[in-house]
Amino acid sequence: MNAFIRKNHIIIISGLLALFSLHLALTDTSVGERGYVIKRLLAVTLTPLQNSILSIYRTGSGAVDNYVAVVGTKKENERYRKALVAMAGENQRLKEELKLSGRLKELLQYKEQSALKTTSAGIIAYNTAKWTSTAVINKGSADGLESNMAVLSPTGIVGRIIEVTPSTATVLLNTDPRSNIESMVERTRVKAIAEGNGKGMIVLKYVRELDDVRAGDKVITSGFSGLFPKGLIIGEVTTVKKGRDNFFNYIEVTPQVDFKSIEDVLVVLKPSGTKQ
Amino acid sequence: MRDYISLFLISILYLIIESTIMPSVPLPDVLLIIVFYIAAKKPSTAGVFVCFAMGYLEDILIGGVIGSTSFSFMAVFVAVYLLTKRLHFNAPAVRALTALCLASMKVFLIYAIMTSINSDLWLSSVTLVQVVLTAVFAPFVMNLLERLESHVSTHAFER
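Described in the following lines is the structure provided in the data block. For clarity, every value in this text was computed on a predicted model and none was experimentally measured.

This part takes up the overall build of chain B. Of the regular secondary structure elements, chain B holds six helices and zero strands. The order of helices and strands in chain B, counted from the N terminus, is α-α-α-α-α-α. Against the globule reference of 15 Å for 159 residues, chain B gives a C-alpha radius of gyration of 15 Å, in line with a compact fold. Its C-alpha atoms put chain B at 50 × 30 × 25 Å along the principal axes. Within chain B, buried positions represent 56% of all 159 residues. On chain B, roughly 6,600 Å² of surface is accessible, and the fraction owed to carbon and sulfur atoms is 71%.

So, on to helix 4 (residues 68-83) of chain B. If you check helix 4 of chain B, its first and last C-alpha atoms are 23 Å apart, about what 16 residues at 1.5 Å a residue would give, namely 22 Å. Taking burial as the measure, the 16 residues of helix 4 of chain B include 13 buried ones, the bulk of the element.

The next subject is the packing of aromatic side chains. To describe a pair of aromatic rings, you give the distance between the ring centres and the angle between the ring planes. Taken as a whole, this structure holds six aromatic pairs over all chains when the rule is applied. With centroids separated by 5.7 Å and ring planes inclined at 80°, the aromatic side chains of Tyr206 of chain A and Phe248 of chain A adopt a geometry described as edge-to-face. In this pair, Tyr206 of chain A sits in the loop between strand 8 (202-205) and strand 9 (218-221) while Phe248 of chain A sits in the loop between strand 10 (233-242) and strand 11 (249-255), placing the two residues 42 residues apart along the sequence. Seen from the ring of Tyr4 of chain B, Lys42 of chain B lies directly overhead, with NZ or CZ sitting 5.4 Å from the centre.

Turning to helix 5 (residues 92-115) of chain B, a few remarks are in order. With 24 residues, helix 5 of chain B extends 34 Å from end C-alpha to end C-alpha; this agrees with the ideal 34 Å at 1.5 Å per step. Of the residues making up helix 5 of chain B, those classed as buried are Arg95, Thr98, Ala99, Leu102, Ala103, Lys106, Val107, Leu109, Ile110, Ile113 and Met114 of chain B. In this structure, the buried side of helix 5 of chain B is in contact with helix 2 (9-26) of chain A together with helix 2 (30-41), helix 3 (45-61), helix 4 and helix 6 (125-152) of chain B.

Attention now goes to the interface of chain A and chain B. Each partner contributes residues to the interface: chain A has 46 residues there, and chain B has 53 residues. There are zero salt bridges connecting chain A and chain B. Inspection of the chain A/chain B interface yields three residue pairs in polar contact (both at pLDDT 80 or more). Per element, the largest residue contribution to the side of chain A that touches chain B is 13 residues, and it comes from helix 2 of chain A.

The subject of this paragraph is the sheet that holds strand 2 (residues 134-137) of chain A. Residues and elements named next belong to chain A. A barrel is described by the order of its strands in space; here six strands give the closed sequence 1-2-5-4-3-12, paired in antiparallel fashion. With direction set aside, neighbouring strand axes in the sheet form an average angle of 45°. In terms of strand pairing, strand 4 (residues 156-164) meets strand 5 (residues 169-173) through five bridges, oriented antiparallel. Bridge pairing links Arg160 to Leu172 in strand 5.

This next bit is on unusual backbone geometry. All names here are of chain A. Positive phi outside glycine occurs at Arg189, with the angle close to 60°. Considering the arrangement of structural elements, one finds Arg189 in the loop between strand 6 (180-185) and strand 7 (191-196). Residue Arg189 is classed as partly exposed on the basis of its relative accessible area of 39%. Positive phi values are uncommon outside glycine, yet Tyr206 reaches one of about 65°.

With that settled, consider the packing of helix 1 (residues 2-20) of chain B against helix 3 of chain B. Residue and element names in this part refer to chain B. Contact pair helix 1 / helix 3: the axes reach a minimum separation of 10 Å and the direction vectors enclose 15°. Viewed along their axes, helix 1 and helix 3 adopt a mutual orientation that is roughly parallel. The element helix 1 and its partner helix 3 pack so that their crossing is right-handed. Residue-level inspection shows Tyr4, Phe8, Ser11, Ile12 and Leu15 of helix 1 in contact with helix 3, the latter providing Ala46, Gly47, Val50, Ala53, Met54, Leu57, Glu58 and Leu61. When its residues are assigned to classes, the contact of helix 1 with helix 3 shows 10 nonpolar, two polar and one charged.

Residue and element names in this part refer to chain A. Pairing is antiparallel around the closed barrel formed by six strands, whose spatial order is 6-7-8-11-10-9. Across the sheet, the mean angle separating the axes of adjacent strands is 40° when strand polarity is ignored. Judged from the three bridges that link them, strand 6 and strand 9 form a sheet pairing that is antiparallel. Paired with Met184 across the strands is Ile220, a residue of strand 9.

Turning our eyes to something else, we now look at the pairing of strand 2 of chain A. All names here are of chain A. Residue alternation in strand 2 divides its side chains into two sets, Thr134 and Val136 and Ala135 and Ile137, and both sets are buried. Sheet topology note: the strand 1 (residues 118-127)/strand 2 ladder contains four bridges and is antiparallel. Opposite Ile123, over in strand 2, you have Ile137 as the bridge partner. Here strand 2 runs beside strand 5; their pairing, made up of four bridges, is antiparallel. Bridge pairing in strand 5 links Ile137 to Ala169.

Here we come to the pattern of salt bridges. Counting across every chain of the model gives 11 salt bridges over all chains. For Asp212 of chain A, the salt bridge is made with Arg214 of chain A, and the minimal N-O distance between the two is 3.6 Å. A relative accessible area of 32% means that Asp212 of chain A is categorised as partly exposed. A salt bridge links Arg95 of chain B to Glu146 of chain B, with the nearest nitrogen and oxygen atoms 2.7 Å apart. Of this pair, Arg95 of chain B sits in helix 5 while Glu146 of chain B sits in helix 6, placing them 51 residues apart in sequence. Looking at Arg95 of chain B, the relative accessible area reads 5%, which means it is buried. When its relative accessible area of 27% is taken as the criterion, Glu146 of chain B is described as partly exposed. One salt-bridge network, held together by shared partners, links Arg187, Asp212, Arg214 and Asp217 of chain A.

What counts and how
- Per-chain numbering applies: the sequence of each chain, read as written, is numbered from 1 onward.
- Chain labels run from A onward and ligand labels from 1 onward, assigned in the order the entries are written.
- Only residues with pLDDT of at least 70 are given local features in this predicted model, and only at 80 or more are side-chain atom pairs given and counted; all residues enter the totals for whole chains, interfaces and linings.
- As a rule here, side-chain values cover all heavy atoms of the structure and leave hydrogens and water aside.
- A helix here means a DSSP run of H or I that spans at least four residues, while a strand means a run of E at least two residues long, and both kinds are numbered starting from the N terminus.
- Radius of gyration means the value over C-alpha atoms here, while the globule rule gives 2.2 Å times the residue count to the 0.38 power.
- Only protein chains enter the calculation, and the probe is 1.4 Å; a residue is then buried if its accessible area is under 20% of its type maximum, exposed if over 50%, and partly exposed in between.
- Computed with a 1.4 Å probe, the accessible areas rest on the Shrake-Rupley method; for each residue, only the protein chains presented here act as cover.
- For a helix, the expected span equals 1.5 Å multiplied by the number of residues minus one.
- For Phe, Tyr and Trp, rings pair up if their centres lie within 6.5 Å, where Trp contributes its six-membered ring, and each pair is then called stacked (planes under 30 degrees apart), edge-to-face (over 60) or tilted (otherwise).
- The criterion is that NZ of a Lys, or CZ of an Arg, lies within 6 Å of the ring centre and within 35 degrees of the ring normal, and then a charge sits over that ring.
- Residues count as neighbours in contact if any of their non-hydrogen atoms are within 4.5 Å of one another.
- Definition used for salt bridges: Asp or Glu carboxyl oxygen within 4 Å of a side-chain nitrogen of Lys or Arg.
- Contacts described as polar in this section are N or O atom pairs within 3.5 Å, which, within protein, must combine one atom able to donate a hydrogen with one able to accept it, while residues neighboring in sequence count only if both atoms come from side chains.
- Here, any two strands with at least 2 DSSP bridges between them count as paired.
- Here the axes come from fitting lines to C-alpha atoms, over the contacting stretch only for helices, and the angles between their N-to-C directions go from 0 to 180 degrees.
- Each angle is binned into one of four classes, with values under 35 degrees roughly parallel, values over 145 roughly antiparallel, values of 65 to 115 roughly perpendicular, and all other values oblique.
- Should the near helix be turned counterclockwise from the far one by less than a right angle, the crossing is left-handed, whereas a clockwise turn marks it as right-handed.
- Basically, the charged four are Asp, Glu, Lys and Arg, the nonpolar ten are Ala, Val, Leu, Ile, Met, Phe, Trp, Tyr, Cys and Pro, and anything else, Gly included, counts as polar.

Following this line, the structure appears as structure tokens:
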């Protein structure tokens, strides 16, 4: 027996860890609550690194773009070229400042128009190329953020917070397969559940074939769960076809928010009462 | 042990760069290639735990279903470990083909877990592109890891 264990110890340990992982995965019903200690540890150690890499990248990519443009036009004069590169770098910094100012102005306008109490935050990391769609923002529990708070942009709903550390928060984007939002079609008030489908789109669930939903209809939050305020735009219906069960329609919705370009968000500070 | 720590640090750095600079660009699954490398070249108890930790870390950092990636990594580890008794992963073509199978295996296992949460889940084209990229880059990445190991390790691993 001992000889068998010694001979196959790698397979046995791997098998046990695989079973443990499977147990974690299949019982992970409450999103974001597992691995709390490790998450806090990672937030403390990795967030500054993430911030640094992101700022170096943004500054560097802008400077490189400007540098390439400058090289093409001022080949003959090295001194002027150097001066121009320096100015281009400065120009890029000012452009970034201007862009940031524009985005913050837009957020501020939305914040002033909205009756909701919100706080703005910047996105420091994205995870959309894999199975999940999440983002990390640069504010956390120290700024009053809590799990299940709604995250918005001036164009529509972004998602909800699933994990909070003192300095950061993880947002479950509404295109994530685990996201489900109580919603309705703005034109006909047909109720549905908006779920992410893993390919950057949202699927409206439980809409019967006899319900009036057409391509082009706007989908908004219904506010029933208390998680998201009522009337926020989720997206626009792009596909309506018969479902496989011949009872419910298969409806695809394009999210209103362009997740590839969004850099700042608003978090609704009043926490929801219920969890999904 | 130093080799494992350096591989683990590379994984963390790769995950951070992936999530901050290239979040929506399909990239090769370097962590899977590292698991393949450890299982093929240096299988040990410590190696198993490092691979498990890498999967767990990926799940935490990407905000995924905790346990899904570590489960797939353990399955990949066992598969490669058993294959090493019959196959040598030295030729680039063998490495690429094996990486293709392993990446597909990882996708299938995570898909199976995710469909238990959302039955209408689609397999995105980005995921499939990532599988192909993993296969294409596996020989290069494994080559780099071998070189790195010879620098880091006090005694370079001899197969």
